[in-house]
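Analysis of the macromolecular model
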Amino acid sequence: MGELATLFGPRRVAVVGATDREGSVGRAITANLLADFEGDVVAVNPTKDEVLGLESHDSVGAVPDVDVAVIVVPPPIVLDAIREAAEAGIRDVVVITAGFGESGSEGARRERELRELAAEYDLNVVGPNSLGIMNTGLGLNATFGPENAQEGSISFMSQSGAFVTAVVDWANDRNLGFRNVVSLGNKAVLDESDFVREWGEDPDTDVILGYLEDVVDGRSFVESAREVSTDTPIVVVKSGRTEAGASAAASHTGAIAGSEEAYEAALDQAGVLRVETVQDLFDFGSILAGQPLPERDGVAIVTNAGGPGVMTTDAVGDSDLSLASFSDETVERFQAALPDEANVYNPVDIIGDAPVERFEEALDIALADPNVGAAVVLACPTATLSYEALADAVVDLQAEYETPVAATLMGGSSARDANERLSRAGIPTYFDPARAVRSLDALREYREISRREYTEPETFDVDRDAAREILESAARRDTNRLGVEAMGLLDAYGIPTPDGEIVDARADAVEAAERIVGAGSEDGDGEGGDGEGGDGEVVMKIVSPDILHKSDIGGVAVGVPPEEVGDTYEDLVTRARSYQPDATILGVQVQEMLDLDSGVETIAGMNRDPQFGPLVLFGLGGIFVEVLEDTTLRLAPVSAASAREMIDEIDAAPLLRGARGRDPVDEASVVETIQRLSQLVTDFPAIVELDINPLVATPDGAQAVDVRLTIDQEEL
């Protein structure tokens, strides 16, 4: 165990606020400790001489060698009780009392003081507003729940205390055991990251489960979970997915909801399996705790019922698993062992009159096949089949082959004893075969997580001073929004941009176009003209921090020949002033025109999330980006490997790779652009939002054609 070893492994626990008053929290916690705890229980209550047969002490400091203090006193005296415990040398404190950050301004003030007190004395504090903690190995039930959990290898944290009581009751009914349980409460000091780190170091914790409404320190959680998840699976239900749910979470235990997209990206990068239902949380937890990881993705189905077998096959099709293709030798063995009416191909239907011996032989043959990575045993009750004998056979064969198996024994009371036998052996059971397949798919997913190799993001040589000057110039203009006038920001970070110039006069526009077209001619693209004439075309855009959607107001002109540059300049400025008279017009950008026919318009952007920091986006770009939403996300900084994964994940990836006869784009330049953007937004916390749209990817490289960003001046 790690820094919280004493919290979960105390020899002496003091209940500060212990009482024998019926219906009180102090009585419930004291009674729970007395019922099962292997260590000593100390009652602290200056108004009592005795509590439930224990001598009652006036002060927690009056008893030596207390490891954990459980605080169950009224809110106004909680801080005094914690200070008293701290001065007695107690570092581990569990605050059951509510009335803190979840209860208004006075409670929030009290919670701030609690944090300050914990920092002063270097305390480990669970809560406040917590149900308490459990360690089944010691019989430690320092909660006011109605019953203790059974012993097992799953450690569970929950931001809802009521959820803990419901889960323990549900799990006890299904013989699902726990190692440690903690009700996080308001997470004033210890949060989910602390418990992930602790349980990752605990050899007796095989799986970490969590119910979370928010994450206090997103960066810390991702780093902790990424390190732990390579060896210990982490499965989480994160509530507040919808706008309504996020609003509800904000009023429960003082949670501050982050964006759903950020949580999705963060949990994925951290190697956390996110589920949407409590059922999946414990289905996945039980199979990860009890079964080995599959070496292959092929699933064998052995059943005595054709219809449920088809349902299971459909569930495999809906997953990232596959239906195992049996070898010729396996098919021949099935043909020799099974009745003529049986189906010897996957799913294997051994027909309804099958006794346990036929089930056992069929499962033995299936598990021996080299293409089978996992198996589902699916049975419906018949007069010829003993579920208990079948359970014994499945347990023996699973142990022999060390291949993951999930069982679906359909029925009610007839399956209860058999299910208990299977559960005790670590083989999960389900009534619905789709749940069995989803759980096996969780094993496959965790196998991939455990094999991930994390690579540190590359750091590029950039001009941070030039970038800072551009951001500070915006602050001097008292604006927090920048458009193409900030293209120099990209140049400073080595992100390629087309040749361009911002001008504020007609003559300057003509001169800029001449230079740009002339430069193109020198590269072999044609001859430049003089005056307002000449070959080649340019793109012209109004430049205003107050006009974000330039194309919507006719503020963009594409394919402007040099002889029309002057008039186009006047038209763009007139349109912008007519559209928004009070807008600040900085001028017009004259820009080299790219060959879009050979390129793909993509988008690279960033949004700064309050929990996780900069969130980098990549996807199909252009004017329909918000309609198509073909994008993917990563937390910054982004490594080259992650940037390549981002390209792989979008539906439009084939367009980048030469679909329908097109030349493939230079993916390496797109990857590097994502990395450089990632470094930019990591280096400058003042950048709140940023869009490069379009980022035109061509066979010759990628170029940022347009940019807009929002800054927080106070962060500069």
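First, a word on what this report is: a plain description of the structure on this page.

Cut-offs applied
Residues numbered from 1 in each chain as written. Predicted model: local features only at pLDDT ≥ 70, side-chain atom pairs only at ≥ 80, totals over all residues. Heavy atoms only, no water. Buried < 20%, exposed > 50% of the residue type's maximum accessible area, 1.4 Å probe, protein only. Helix = DSSP H or I, 4+ residues; strand = E, 2+ residues; numbered from the N terminus. Pairing = 2+ DSSP bridges. Right-handed = clockwise from strand over helix to strand, strands pointing away. Axes fitted to C-alpha atoms, helices over the stretch in contact; angles between N-to-C directions. Contact = heavy atoms within 4.5 Å. Patch = residues over 30% accessible without salt bridge, like charges linked within 9 Å, V, L, I, M, F, W, Y side chains within 5 Å. Areas by Shrake-Rupley, 256 points an atom, 1.4 Å probe, with all protein chains shown as cover. Salt bridge = Lys/Arg side-chain N within 4 Å of Asp/Glu carboxyl O. Lys, Arg positive; Asp, Glu negative; His and termini not counted. Charge placed at Lys NZ, Arg CZ, Asp CG, Glu CD. Polar contact = N/O pair within 3.5 Å; in protein donor to acceptor, adjacent residues only side chain to side chain.

1. Here's the deal with the pairing of strand β2 (residues 40-44)
- Extensive coverage of β2 is indicated by the burial of four of its five residues.
- For strand β1 (residues 12-16) and β2, the ladder comprises five bridges, and the chain directions are parallel. Its bridge partner being in β2, Val-15 is matched across the sheet by Ala-43.
- Where the polypeptide runs from β1 across helix α2 (residues 25-36) and back to β2, its parallel neighbour, the crossover connection is right-handed.
- Of the strand pairs in this sheet, β2 and strand β4 (residues 54-57) are connected by two bridges, and their pairing is parallel. If you follow Ala-43 over to β4, its bridge partner there is Ser-56.

2. Digging into the sheet that holds strand β24 (residues 587-592)
- Strands sit in the order β21-β24-β22-β23 across an open sheet of four strands; the sheet is antiparallel. The two strands at the open ends of the sheet, each matched to only one other strand, are β21 (500-503) and β23 (556-560). Neighbour to neighbour, the strand axes of the sheet diverge by 20° on average, direction disregarded.
- Direction of pairing for β21 relative to β24: antiparallel, over a ladder of four bridges. In the strand pairing of β24, Val-503 is matched with Val-588.
- Its contacts with the sheet put helix α20 (residues 565-579) on β21, β22 (538-543), β23 and β24, and the angle it makes with β22 is roughly 30°.

3. Some words on a negative patch on the surface
- Residues Glu-357, Glu-360, Glu-361, Asp-396 and Glu-400 make up a contiguous surface patch of negative charge.
- Looking at the negative patch, the elements with two or more residues in it are α13 (356-368) and α14 (387-401).
- When residues in the negative patch are grouped by element, the largest group, three residues, is from α13.
- Here Glu-360 lies in helix α13.
- Classification of Glu-360 as partly exposed rests on a relative accessible area of 36%.

4. Topic: the environment of Arg-515
- Inspection of the secondary structure assignment puts Arg-515 in helix α19 (residues 506-522).
- Along the sequence, Arg-515 and Val-51 sit 464 residues apart, while their C-alpha atoms lie 91 Å from each other.
- Excluding residues that lie within four positions of it along the chain, Arg-515 makes contacts with Asp-499, Gly-500 and Glu-501.

5. A short note on the side chain of Gln-159
- For Gln-159, the location among the structural elements is in the loop between β10 (151-158) and α5 (161-173).
- For Gln-159, a relative accessible area of 2% translates into the label buried.
- One polar contact links Gln-159 to Lys-187, side chain to side chain, over a distance of 3.2 Å.
- Only 2.7 Å separates the side chain of Gln-159 from the side chain of Asp-214, close enough to count as a polar contact.

6. Quick word on the pattern of salt bridges
- Under the counting rule described, the total for this entry stands at 42 salt bridges.
- For Glu-448, the salt bridge identified is with Arg-447, shortest N-O distance 2.7 Å.
- Take Glu-448: its relative accessible area is 35%, and that puts it in the partly exposed class.
- Among the salt bridges present, the one from Asp-499 reaches Arg-515, with a minimum N-O distance of 3.0 Å. You can see Asp-499 sitting in the loop between α18 (487-492) and β21 and its partner Arg-515 sitting in helix α19, a full 16 residues away along the chain.

7. A look at the environment of Ile-585
- Among the secondary structure elements, Ile-585 is positioned in the loop between α20 and β24.
- What makes Ile-585 partly exposed here is its relative accessible area of 21%.
- Distance from Ile-585 to Ile-542, taken between C-alpha atoms, is 7.6 Å for residues 43 residues apart in sequence.
- Other than its neighbours up to four places away in sequence, Ile-585 contacts Ile-542, Val-543, Ser-544, Ile-547, Ala-576 and Arg-577.

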